[in-house]
Amino acid sequence: MKVFINIALFSLLVTTIACKQEYPLPKETSDLVLLVVEGLLNSSGPTVVRLSRTFNPTDVGTVLPVVNAEVTVEGEDNTMFFLPGNTSGEYTSNQLPLDNAVKYRLRIKTTGGQEYLSDFVPVLPSPAIDSVHWERTDDAIQLLVTTHDPQNKTWYYR
């Protein structure tokens, strides 16, 4: 039994030490400038897409917003919705009239002439809320929402 405990402790020690290694960044990342797209196309509320550029991870800096781009949501049925932008690199719509039977993609054209297209994806409607309740914990109140999907197709909730 003592041998097993010693082996287990040694394995734990080796694993712990092995997991704490410094990761040197590749040198080629310093000149790499990529487009960062953050957002969610929402069929039942506001849509916000944030565009920015990467910067050297060793530099201390702020987010570099991409402004004056043309951002559109396109449907396979040739519908198109324009998302106006602001000076923070946010492109928004208060409500997109998305059809659940149509797949949509995001098209981005930057002022530098670069164009980016996402894949077409289906609209995933959120199932109805069954109930909302709350529970008191030691230091807070937790709000809980219960819902279900009878077709078992929805796995992502926000």
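The structure this text deals with has already been given above.
Residues numbered from 1 in each chain as written. Predicted model: local features only at pLDDT ≥ 70, side-chain atom pairs only at ≥ 80, totals over all residues. Heavy atoms only, no water.

Peer 1: How should the environment of methionine 80 be read in this particular structure?
Peer 2: Inspection of the secondary structure assignment puts methionine 80 in strand β5 (residues 80-83). In this structure the C-alpha to C-alpha distance between methionine 80 and arginine 105, which are 25 residues apart in sequence, comes to 9.7 Å. With sequence-adjacent residues up to four places away left out, methionine 80 is seen in contact with Thr72, Val73 and Glu74. (Helix = DSSP H or I, 4+ residues; strand = E, 2+ residues; numbered from the N terminus. Contact = heavy atoms within 4.5 Å.)

Peer 1: Which parts of the structure should I look at to understand unusual backbone geometry?
Peer 2: Excluding glycine, residues mostly carry a negative phi; peptide bonds, for their part, are mostly trans. Backbone geometry places asparagine 68, a non-glycine residue, at a positive phi of 65°. With a relative accessible area of 61%, asparagine 68 lands in the exposed category. Positive phi values are uncommon outside glycine, yet asparagine 78 reaches one of about 70°. For asparagine 78, the location among the structural elements is in the loop between β4 (70-75) and β5. (Buried < 20%, exposed > 50% of the residue type's maximum accessible area, 1.4 Å probe, protein only.)

Peer 1: Looking at this model, I keep getting lost on the environment of glutamate 90. Mind explaining?
Peer 2: Looking at the element boundaries, glutamate 90 is found in strand β6 (residues 90-93). Separated by 21 residues in the primary sequence, glutamate 90 and alanine 69 place their C-alpha atoms 10.0 Å from one another. With residues near it in sequence (within four places) discarded, glutamate 90 still touches Val48, Val49, Arg50, Pro84 and Gly85. A polar contact is formed between the side chain of glutamate 90 and the side chain of arginine 50, at a distance of 3.1 Å. (Polar contact = N/O pair within 3.5 Å; in protein donor to acceptor, adjacent residues only side chain to side chain.)

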